[in-house]
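# Remarks on the overall topology
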Amino acid sequence: MEVMIVSSSDEVAQVAADILRDMLLHKPACVLGLATGSTPIALYGELVHRYQQGEISLREVQTFNLDEYLGLQPKSRLSYRRFMSEHLFAHTDIEADNIHFPECAAEQDPRTVGPGYEWAISNAGGIDLQVLGIGANGHIGFNEPSSSLGSRTRVKALAPRTLQDNSKLLRDDETQPEMAITMGIGTIMDARRILLLATGEHKAAAVAGAVEGAISAMHPASVLQAHQRVRVIVDEAAASQLQLREYYQWVRRKNDSIASQHGGSADDDPWFHKTVEDLD
Ligand code: F6R
């Protein structure tokens, strides 16, 4: 796990956008796993800006979002498809057919969505880079505490803490969705590279649990410690409960000095080198 502590939430977005840009340059037809929520909004704004500047293109990219609410009215303001369209997709050159959500059609049995989504991810070649936020209770996607660490895409009832956090975003006339379809923890762990983003003091305990706590289904993000290529990008506030804060900053300076001596482009960065799975 590489922990990158930066000074502000804006810098989290900049650093994450640099990594996504490098991914897009390294592999223009890459498969991205994407998250919704307040954390990645600034990242998506930055990607739109870079697209408008001609720095990046999403033309060949395929995307798989982590999750979608179940039981929403079509075109609901709360839908994650709509969120992604407003914050990213509608402002770029991504092809509509390349955008995927674990959505349930009107008459469909929601339990059949997961296996189809897993198939689609695998058919696309697997996720090259997965962007994650983290819930205050340690959830990733909607894998709430106690989710199996090997879980796959499936229906999940939201935890009380998540319902409480999300209720702040509801308007008076809106009903809180209580279930979602989410990629499983096993699905997320299959991604070749993972970026976990967190900002603000309200995420500090969750980040500490993810990076330095025991691996446990009670804190789903902690499983990322067992992944080969995770970058955790946090601002000072979200990093404030990390015990090894100074060590992570020292490691980063050391790695940066190697990059400046031996080349800092995506092609020189081991993060982007082929993984064993790419060689299959
Ligand atoms: C969103 C998702 C969630 C969020 C998490 C943090 O697709 O899967 O796990 O990443 O709830 O949400 P924010 O960023 O709103 O604090």
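Please refer to the structure placed before this passage.
Notes on the structure follow. Please read all numbers here as calculations on a predicted model, not as lab measurements. (Residues numbered from 1 in each chain as written. Predicted model: local features only at pLDDT ≥ 70, side-chain atom pairs only at ≥ 80, totals over all residues. Heavy atoms only, no water.)

### Topic: the layout of surface pockets
Computed from the structure, the largest pocket encloses a volume of approximately 940 Å³. Taken together, 38 residues line the largest pocket, and the ones lying closest to its centre are Gly37, Ser38, Tyr80, Asn166 and Leu169. Elements that contribute at least two residues to the lining of the largest pocket include exactly β4 (67–69), α3 (80–87) and α5 (160–167). One number sums up the size of the second largest pocket: a volume of about 780 Å³. Lining the second largest pocket we find 30 residues, and of these Glu2, Arg231, Asn255, Asp256 and Asp269 sit closest to its centre. (1 Å grid on protein atoms, 1.4 Å probe; cavity = no way out; pocket = protein on both sides within 12 Å on 5 of 7 lines; lining within 4 Å. Points joined across faces, edges and corners; volume = space filled by probe spheres on them. Helix = DSSP H or I, 4+ residues; strand = E, 2+ residues; numbered from the N terminus.)

### Looking at unusual backbone geometry
Residue Ser146 is not a glycine yet carries a positive backbone phi of 90°. Relative to the helices and strands, Ser146 resides in the loop between β6 (129–132) and β7 (154–157).

### Points about the packing of aromatic side chains
On inspection of all chains with the given rule, the structure shows seven aromatic pairs. Look at Phe64 and Tyr117: their rings are 5.6 Å apart centre to centre, the planes differ by 70°, and that puts the pair in the edge-to-face class. With Phe64 in strand β3 (residues 62–65) and Tyr117 in helix α4 (residues 113–123), this pair connects stretches of sequence that are 53 residues apart. For Phe64, a relative accessible area of 0% translates into the label buried. Joined through ring pairs, the aromatic side chains of Tyr69, Tyr80 and Phe142 make up one cluster. (Phe/Tyr/Trp six-rings, centres within 6.5 Å; stacked < 30°, edge-to-face > 60°. Buried < 20%, exposed > 50% of the residue type's maximum accessible area, 1.4 Å probe, protein only.)

### Quick notes on the pattern of salt bridges
Following the criterion strictly, the structure yields 17 salt bridges and no others. Here Arg50 and Asp18 are joined by a salt bridge, their closest N and O atoms 2.8 Å apart. A residue pair is termed long-range when its members are at least 10 positions apart, and Arg50 in helix α2 (residues 41–52) and Asp18 in helix α1 (residues 9–26) qualify at 32 residues. The buried category is assigned to Arg50, whose relative accessible area is 5%. For Asp18, a relative accessible area of 29% translates into the label partly exposed. One connected set of salt bridges, linked through shared partners, spans Asp18, Arg21, Asp22, Glu46, Arg50 and Glu55. (Salt bridge = Lys/Arg side-chain N within 4 Å of Asp/Glu carboxyl O.)

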